[in-house]
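Read off the chains here:
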Amino acid sequence: MDLYEHQARELFAEHGILVPRAEVTGSPERARESARRLGGRVVVKAQVKTGGRGKAGGVELAADPAAAELAARRILGMDIKGHTVATVMLAEPVDIESEFYVSYVLDRAAGGFLAIASAEGGMEIEEIAARRPEAVARIHIDPAEGVTSAKAARIADAARLPPRTVDVLVRLWQVLVREDALLVEVNPLVRTAQGAIVALDGKVTLDDNARYRQARWGSEGDSRDDPLEAAAAAKGLNYVKLDGTVGVIGNGAGLVMSTLDVVAGCGARPANFLDIGGGASAQVMADGLAVVLSDPDVRSVFVNVFGGITACDAVADGIVRALDTVRVTKPLVVRLDGNNAARGRAVLDERAHPLVQQVTTMDGAARRAAELATTV
Ligand code: GDP
Ligand code: MN
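Residues numbered from 1 in each chain as written. Chains lettered and ligands numbered in written order. Predicted model: local features only at pLDDT ≥ 70, side-chain atom pairs only at ≥ 80, totals over all residues. Heavy atoms only, no water.

> Before we go on, may I ask you to explain the overall build of the protein in this structure?
Broken down by element type, the protein carries 13 helices and 18 strands. Dimensions of the protein, computed from the C-alpha atoms along their principal axes, are close to 80 × 50 × 40 Å. Looking at the protein residue by residue over its 376 residues, the buried ones come to 51%. The long-range share in the protein, meaning contacts at least 24 apart out of those at least 6 apart in sequence, stands at 67%. Within the structure as shown, the protein displays about 17,100 Å² of accessible surface, and the carbon and sulfur contribution to it stands at 51%. Between the averaged position of the 43 positive side-chain charges in the protein and that of its 50 negative side-chain charges there is a distance of 2 Å. (Helix = DSSP H or I, 4+ residues; strand = E, 2+ residues; numbered from the N terminus. Buried < 20%, exposed > 50% of the residue type's maximum accessible area, 1.4 Å probe, protein only. Contact = heavy atoms within 4.5 Å. Areas by Shrake-Rupley, 256 points an atom, 1.4 Å probe, with all protein chains shown as cover. Lys, Arg positive; Asp, Glu negative; His and termini not counted. Charge placed at Lys NZ, Arg CZ, Asp CG, Glu CD.)

> Any chance you could explain unusual backbone geometry here in plain terms?
Negative phi characterises most residues that are not glycine, and trans characterises most peptide bonds. A cis amide bond links Asn 187 with the next residue in sequence, Pro 188, at an omega value of 10°. Of note, Pro 188 is situated in strand β10 (residues 181–192). Positive phi outside glycine occurs at Arg 160, with the angle close to 60°. Mapping Arg 160 onto the fold places it in the loop between α5 (149–159) and α6 (165–178). Residue class for Arg 160 comes out exposed when judged on its relative accessible area of 73%. Not every positive phi belongs to a glycine, and Asn 340 is a case in point at roughly 60°. Summarising the element assignment, Asn 340 is placed in the loop between β17 (332–338) and α12 (341–351).

> Would you explain the environment of Ala 365 in this entry?
Here Ala 365 shows up in helix α13 (residues 362–375). The exposure class of Ala 365 is buried, given its relative accessible area of 0%. As a C-alpha pair, Ala 365 and Val 333 span 32 residues in sequence and 6.3 Å in three-dimensional space. In this structure, Ala 365 is in contact with Phe 302, Val 333, Arg 335 and Val 359, ignoring residues within four places of it in sequence.

> How should I be thinking about the packing of helix α9 (residues 253–265) against α13 in this particular structure?
Where α9 meets α13, the closest approach of the two axes is 9 Å, and the angle between their N-to-C directions is 55°. Between α9 and α13, the angle is such that the two are oblique. The two elements α9 and α13 cross, and the hand of that crossing is right-handed. For the pair formed by α9 and α13, the contact residues are Leu 255, Ser 258, Thr 259, Val 262 and Val 263 on the first element and Met 362, Asp 363 and Ala 366 on the second. (Axes fitted to C-alpha atoms, helices over the stretch in contact; angles between N-to-C directions. Parallel < 35°, antiparallel > 145°, perpendicular 65-115°, else oblique. Left-handed = near helix turned anticlockwise from the far one by under 90°.)

> How do you make sense of α5 when you look at a structure like this?
An α-helical turn contains 3.6 residues, so any two residues separated by three or four positions project in the same direction. For α5, the set of buried residues is Lys 151, Ala 152, Ile 155, Ala 156 and Ala 159. Mapping the buried residues of α5 onto a view down its axis gives an arc of 135°, with all of them on the same face. Along α5, the residues that are exposed and aim more than 90 degrees away from the buried face are Ser 149, Arg 154 and Asp 157. Contacts made by the buried residues of α5 are with β7 (96–107), β8 (112–118), β9 (136–141) and α6. Positioned one or two residues after α5, Arg 160 has a phi angle of 60°, which is positive. (Arc of directions from axis to C-beta.)

> Hey, could you run me through the site of ligand 1 in this one?
With respect to spatial proximity, 17 residues lie near ligand 1, and among them Lys 45, Arg 53, Gly 54, Val 94 and Glu 99 are the closest. With respect to ligand 1, the side chain of Glu 99 contributes an N or O atom lying 2.8 Å from an oxygen atom. Within the complex, the protein chains bury 77% of what would otherwise be the 560 Å² of accessible surface of ligand 1. Partitioned by chemical class, the residues of the shell around ligand 1 number 7 nonpolar, 5 polar and 5 charged. Each of domain 1 (21–91) and domain 2 (96–217) contributes no fewer than three residues to the shell around ligand 1. (Near = heavy atom within 4 Å. Polar contact = N/O pair within 3.5 Å; in protein donor to acceptor, adjacent residues only side chain to side chain. Nonpolar A, V, L, I, M, F, W, Y, C, P; charged D, E, K, R; others polar. Domains from an automatic or database assignment.)

So this is what it looks like as structure tokens:
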């Protein structure tokens, strides 16, 4: 789960990183009051879970409370990369002398974390890396050792950051560890005219597997960024939205993962990952089908079930009951194999739904689903 800038800012402050004083509101009138409390001159910033707000017009400097109200009026409701702005943060403006980039990100391939840092912050790191790759330092972090002062000094040195950033680098690592984050990014981290090191922006991605330890994000923690993922999570389904057109439903995460590969191998792209698990009750199947079919990108659905402890006829019963409760609008390709496959297939044959077809092999069914997705 990604946090909003103002939430990231809160975490930074709790771990002793300097951040500008700020308030958050969803109303222009209250923005004016906030600006007055903050001393009049403020930066008005859109709170959306995407970067590039500055370029999109979502960050404005306001000279006084009246200007802050006008800026908030302009920014609230704005669309930034598909995210509608519902709240703005008003922050005390900072006198910037230089802007840096620092982040820690999980590096799965290396089995650790990666520190990325640059003395040329402000713009997006991809841009900095493309323009001047030598200006971006990348340093592996052993998660068991973490970022000690010595390690932080090495990061600062490699990126040519001022020595005062060392303390911030150590604290930022503590944010990552204590808050169960997979990513913490500060862009820009700035040196003010007075020489202080201040985090002017913040991005934090929390590890969803640690949600139970991060109760403070409560209801916020349940609101996924993708509406389909939110709907699926509400029903307790293991669903991840992807960018293709073949809906995929299977029992068991391993089977679903390999189903995605087989679909891709047939030249199509999976629209989602959905594991209905070992039990695969009729209700779970119906819920899963409803979510997958409500995805406007889906053109065909591949239901891939390998009966193990759960017999195929029970799964077929589930599919039939799902067909009675969910309005099926797209072709379904079903492959049943394993425990009681023959009985399961007979159950579906008997139901004879016009949009449901059975293919007995995984490869064959994937090919059929891929064809249907590209010809529908
Ligand atoms: P992003 O565009 O979504 O990454 O939003 P940022 O929070 O990084 O803001 C974009 C840019 O606005 C920053 O790189 C700064 O140059 C500028 N900015 C943000 N806050 C302040 C501030 O308090 N004072 C000044 N002078 N500039 C600011
Ligand atoms: Mn930024």
